[in-house]
Amino acid sequence: MTTNEQAHEQHRVDDVVHQIGQRLDRTTAEYNDAHHELRNVLKNYSENTSVNWFEVDDRIETSAELQQQRALVSRLTENQNIIQDQLATYRELQKSPYFGRIDIQDPDETKPESLYIGTASFVDDDENFLVYDWRAPISSIYYNGVLGQVAYDTPAGRQQTDLLKKRQFLIQDGQIQSMFDTNETVGDEMLQHVLGEQNDTTMQNIVATIQREQNDIIRDVHSDLLVVQGVAGSGKTSAILQRIAFLLYHSRRDLEADQIVLFSPNRLFSHYISDVLPSLGERNMRQVTLAEFLTQRFQGLNVQTQFDRYESDQQHPVNQAVRNFQESAAMMTAVADYCTHQTATDLKFTDIRFKGRVFFGHQEIQDIYDSFPTTFPAAERFLKTKNALEKRLRQRIAEEAKADWVRDTIDQLSDEDYHNLLGSKHLGQFEQLDDEIDFLARQIVRRRLRQVDDAIYNGYFLDVYSQYTAFLKQCPLPENVTTDQWQAIIDRYQHDIEFHKLALTDAAPLLYMRDLLIGGGQNHQMQHLFVDEMQDYSIAQLVYLQHAFPRAKLTLLGDSEQALFKAVESPEDLLKNLGVALHAKKSRLITLRRSYRSTLPITTFAKALLPDGDKIEAFNRDGDLPKVVIRYDTASAFKALAHELRSELATNGTVAILTKNTAEAKYVYQELHMDFDLTRLTDTDRTLPTGVVVLPIYLAKGLEFDSVIAYNVSAENYPDQQFTGTLYTIASRAMHHLTLLSIGPVSPLIASEKIPQSDLRIEHELSN
Ligand SMILES: Nc1ncnc2c1ncn2[C@@H]1O[C@H](COP(=O)(O)OP(=O)(O)OP(=O)(O)O)[C@@H](O)[C@H]1O
């Protein structure tokens, strides 16, 4: 590239930055005006809220005025927020207005046109697009096309054009740092630069360097089930976030950020990714971990988490055939079948009691349920039963309202209680005083019987926990599960319930049964459901999530090689199983094989751990070989660990010591915390501190660190292939440096002929 050309491009950058600066000044003035106006209205509002509340007439008038003011405040606040967002976007653009340029020749134009692509559009005062948003239809050719004839989708249909040039820029603080032309999707040079620079405090957006397959994930608007299987560090999480930004742009009119939900692997991860969407001018989607979701659904029960289960499985190995069945689509189908065949007498209705006495008996409830046609789905009969009970409750309230104690209570009401009981009804709204008294009497009884009302509303008159036992007892078993094994499952479930506990395997089928029998549990607002680290979810859980978000399109991303909690499955089998289980009409599988996170030596080592690791393509970024440090007793191991930590801390912001489980993390913490500023992370932590952190690998899922030290990769700790996934996940968290500490002989997974010694730096303890 000639210096002349760079000077010419810099000239354009200067011009665009100048125009953005002018727009920033204007918008700042607009912001100040909006802020001023809002402050005035708020001041007025607070003066109004202190007016007389006790005179009824005044109260009505004030309340109408307040409502108007409240609406005004909310409109002005929204306006102010919009301007604030614009300011943030302009500030970002001012630093780096764009990262790409495409020159195209449209068939009906005489001259080629140069378009510049950045994180947001910038249009000058004459409506010229100085920068195109990366999500605009035309921008797709920057990511997808090689030079020559290319096509792109627009709302008006597919368009053709001739792509003459593709240029990439790295612009920092308004200065072009580098620029080059490329025929590739997005050239490696740019990626080299970005990946080499990265550090791990929070994730960055990748819009300047999105790769072709990633772009397919990001721009897919057709699939109702999109399954992405990608190797560690291939950009699955990045793709999710850029996809969300794309979808929000694409369906701006009918999709809001809070109609998108992401199931994330842990809370640290939620924080780690939280800057990406705001950096693209979008709000964050909702985020929840599976544990949070289940806890919320089972209030009052202590639901086992994936982490608890992982720890307990290490101590008490489980029967895999039984668990596979419990977590299968077949189990969920069995639940659905069971629910459709329940007669009123099969259901475990319980009495609704009040102050120790039966208020509605279970037989009465069963008879009501039985009175509705069996052709109705169970949940509908249940809802009708609730309504019938509500009606009977209202009758009982009306009768009880005539009782003497109620009249006595009314006589003794203070003025304030009297007003409170009237609630939204106002004095004078009743034609006769008797009506008002009657209303108050029913209010008093209703309040007293709130417990009964709640029991009806929440459907507490069906004992779902006993119902689940009944389901388990008749559940058709596959051939490889014996009745004795199943009885043990039933016994354990009953025992757990007695102690208000629930095993993770029971959560999805039990919730599903509850929803199908009593209704509810579904969120019809969600339009997109994303599941990251899907390999840690059972099919039963995914079936449940689909039921819980019935209108949502599903994007499931994972890496079966990183399965810490279960066996590896091929992507194709997975899609087939999921497609059937989730009844997907338009399903699509995208596989990502290129790994971007780690240096070439680290990825080369990590992939060699896997039986079919040669499918993984390492991105060619230089770095040191992974270092294996072997010591033969604990004292020298910790001495070596301290030494490694010091040297890693000298060059890296964060050093993560990753362990196999919590017990090991606690132990390492105990041994080191006196000498280092060390943080042990647990599943309640939300933020990642810098310095040294120690955590079990399952809490590091989805995260990355400048430097990783794998604690004790000895043969004793990682004896066989069962631990391949764990070791691979640990190794693949490292971006720049990886150290493997072994106390005693190293694991056969590492000391294997598949891993040439020349791929590692091995440091044995020196004998005296
Ligand atoms: N196209 C890209 N341009 C720049 N950086 C990228 C690109 N794709 C991925 N990366 C970087 O590679 C790293 C790994 O990406 P990400 O965490 O999204 O991968 P992942 O597939 O979710 O990984 P894992 O399954 O191991 O958690 C991140 O630092 C991300 O920013």
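This one's a predicted model, so the numbers in the text were calculated from it and none came from an experiment.

**A look at the overall build of the chain**
- On a plain count of helices and strands, the chain comes out with 27 helices and 26 strands.
- Considering only C-alpha atoms, the chain reaches an extent of 95 × 75 × 55 Å along its principal axes.
- Burial analysis of the chain (768 residues in total) assigns 37% to the buried set.

**Observations regarding the nonpolar core**
- Core analysis: the largest hydrophobic core is formed by 180 residues, its most contacted members being Leu 658, Ala 710 and Ala 731.
- Element by element, the count of residues in this core is highest for helix α21 (residues 504–518), at 10 residues.
- Beyond its immediate chain neighbours, meaning those up to four positions away, Ala 710 contacts Leu 658, Ile 730, Ala 731, Leu 740 and Leu 741.
- Judged by nonpolar contacts, the second largest core, of 6 residues, contains Ala 401, Val 406, Ala 441 and Ile 444.

**Describing the sheet that holds strand β10 (residues 286–288)**
- Across the sheet, which stays open at both edges, the 6 strands sit in the order β10-β9-β15-β16-β8-β17 with parallel pairing between neighbours. At either end of the open sheet lies a strand with only one pairing partner, and these are β10 and β17 (587–592). Along the sheet, successive strands turn relative to each other by an average axial angle of 15°, direction set aside.
- Bridging between strand β9 (residues 260–263) and strand β15 (residues 528–531) involves 4 bridges; their strand directions are parallel. The residue of β15 that forms the bridge with Leu 262 is Phe 530.
- Its contacts with the sheet place helix α6 (residues 236–250) against β8 (225–230), β9, β15, β16 (553–558) and β17, and it is angled at close to 160° to β16.

**Things to note about helix α20 (residues 483–498)**
- For α20, spanning 16 residues, the distance from its first C-alpha to its last is 22 Å, which sits close to the expected 22 Å at 1.5 Å a residue.
- Directly beyond the C-terminal end of α20, a positive phi value near 55° is found at His 500.

**A closer look at the confidence of the model for the chain**
- For the chain, per-residue confidence averages 89 on the pLDDT scale, and residues scoring 70 or more make up 94% of the total.
- For this predicted complex, the interface confidence score (ipTM) comes to 0.99, while the overall pTM stands at 0.88.

**Digging into the domain arrangement of the chain**
- Segmentation of the chain into domains returns domain 1 (1–95), domain 2 (283–341 + 464–592), domain 3 (352–458) and domain 4 (600–764).
- Measuring from the centre of the C-alpha atoms in domain 1 to the corresponding centre in domain 4 gives 48 Å.

**As for the pairing of β16**
- Judged by how many residues are buried, β16 sits mostly within the fold: 6 of 6 residues are covered.
- Neither face of β16 is open: one carries Lys 553, Thr 555 and Leu 557, the other Leu 554, Leu 556 and Gly 558, and all of them are buried.
- Note that β8 and β16 share 5 bridges and pair parallel. Bridge pairing in β16 links Val 227 to Leu 556.

**Here's the deal with the UniProt feature "binding site: ATP" (unreviewed entry) in the chain**
- Annotation from UniProt places "binding site: ATP" (unreviewed entry) at Gly 230, Val 231, Ala 232, Gly 233, Ser 234, Gly 235, Lys 236 and Thr 237.
- Along the chain, Ser 234 turns up in the loop between β8 and α6.
- Of the residues examined, Ser 234 has 27 C-beta atoms within 10 Å and is grouped as buried.
- Look past the residues within four positions of Ser 234 in its chain and what remains in contact with it is Leu 592, Arg 593, Arg 594, Ser 595 and Tyr 596.
- As for its position among the elements, Thr 237 is in helix α6.

**Brief notes about the packing of helix α13 (residues 362–370) against helix α14 (residues 378–400)**
- Across the interface, α13 lies against α14 with an axial gap of 9 Å and an inter-helix angle of 125°. It follows that α13 is oblique to α14 by the angle criterion. The interaxial crossing formed by α13 with α14 has right-handed handedness. Between α13 and α14, the residues in contact are Ile 365, Ile 368 and Tyr 369 and Arg 381, Thr 385, Ala 388 and Leu 389, respectively.
- For the contact of α13 with α14, the per-class residue count stands at 5 nonpolar, 1 polar and 1 charged.

**Describing the environment of Ile 138**
- Looking at where Ile 138 falls in the secondary structure, it is placed in the loop between β4 (129–133) and α3 (140–144).
- Separated by 62 residues in sequence, Ile 138 and Leu 76 place their C-alpha atoms 35 Å apart.

**So, the environment of Tyr 728**
- The topology assignment puts Tyr 728 in helix α27 (residues 724–731).
- Along the backbone, Tyr 728 and Phe 605 are 123 residues apart, and their C-alpha atoms lie at a distance of 9.1 Å.
- Beyond its immediate sequence surroundings of up to four residues, Tyr 728 is in contact with Ala 232, Glu 561, Gln 562, Ala 606, Leu 609 and Leu 610.

**Re the site of the ligand**
- Within the structure, the ligand sits among 25 residues, and Thr 209, Ala 232, Gly 235, Lys 236 and Thr 237 are positioned closest to it.
- Of all the secondary structure elements, the ones that give two or more residues to the shell around the ligand are α4 (188–197) and α6.
- Looking at side-chain class alone, the shell around the ligand contains 8 nonpolar, 13 polar and 4 charged residues.

**Some points on the packing of helix α19 (residues 464–474) against α21**
- Taken N-terminus to C-terminus, the directions of α19 and α21 make an angle of 110°; their axes are 10 Å apart at the nearest point. Relative to α21, the element α19 is oriented roughly perpendicular. Relative to α21, the crossing made by α19 is right-handed. The residues of α21 that touch α19, namely those facing Val 464, Gln 467, Tyr 468 and Phe 471, are Leu 510, Met 513, Arg 514 and Leu 517.

**So, the sheet that holds strand β22 (residues 678–680)**
- One open sheet holds the 7 strands; their spatial order is β22-β23-β21-β24-β25-β20-β26, and the pairing between them is parallel. Edge positions in the sheet fall to β22 and β26 (761–764), since each of these pairs with one other strand and no more. In this sheet, adjacent strand axes meet at a mean angle of 20° when their direction is disregarded.
- Sitting on the sheet, helix α25 (residues 634–651) touches β20 (627–631), β21 (654–659), β23 (691–696), β24 (705–710) and β25 (734–743), and the angle it makes with β25 is about 165°.

**Let's talk about the pairing of strand β1 (residues 100–105)**
- Every second residue of β1 is oriented toward a common face, the buried set being Gly 100, Ile 102 and Ile 104 and the non-buried set Arg 101, Asp 103 and Gln 105.
- Where β1 meets strand β6 (residues 157–172), 6 bridges bridge the pair, whose relative direction is antiparallel. The residue of β6 that forms the bridge with Gln 105 is Asp 162.
- Direction of pairing for β1 relative to strand β2 (residues 113–118): antiparallel, over a ladder of 5 bridges. Within β2, the residue paired with Gly 100 across the bridge is Ile 117.

**Some thoughts on unusual backbone geometry**
- You will see that Glu 127, though not glycine, has its phi angle at about 70°, which is positive.
- Within the fold, Glu 127 resides in the loop between β3 (122–123) and β4.
- Even without being a glycine, His 500 presents a positive backbone phi close to 55°.
- Structurally, His 500 is set in the loop between α20 and β14 (501–502).
- His 500 gets classed as exposed once you count the C-beta atoms within 10 Å, which come to 11.

**Points about the environment of Ile 273**
- With respect to the helices and strands, Ile 273 occurs in the loop between α7 (267–272) and α8 (276–279).
- For the pair formed by Ile 273 and Thr 237, sequence separation is 36 residues and the distance between their alpha carbons is 8.5 Å.
- Apart from the residues within four sequence positions on either side, Ile 273 is in contact with Met 203, Thr 237 and Leu 241.

About the thresholds
- Residues numbered from 1 in each chain as written.
- Predicted model: local features only at pLDDT ≥ 70, side-chain atom pairs only at ≥ 80, totals over all residues.
- Helix = DSSP H or I, 4+ residues; strand = E, 2+ residues; numbered from the N terminus.
- Buried ≥ 20, exposed ≤ 12 C-beta atoms within 10 Å, placed from the backbone.
- Core = buried A, V, L, I, M, F, W, Y, C linked by C-beta atoms within 7 Å.
- Contact = placed C-beta atoms within 7 Å.
- Pairing = 2+ DSSP bridges.
- Axes fitted to C-alpha atoms, helices over the stretch in contact; angles between N-to-C directions.
- Expected span 1.5 Å × (residues − 1).
- pLDDT = per-residue confidence, 0-100.
- Domains from an automatic or database assignment.
- UniProt positions renumbered as here; feature names shortened; annotations may be inferred.
- Parallel < 35°, antiparallel > 145°, perpendicular 65-115°, else oblique.
- Left-handed = near helix turned anticlockwise from the far one by under 90°.
- Nonpolar A, V, L, I, M, F, W, Y, C, P; charged D, E, K, R; others polar.
- Near = placed C-beta within 6 Å.

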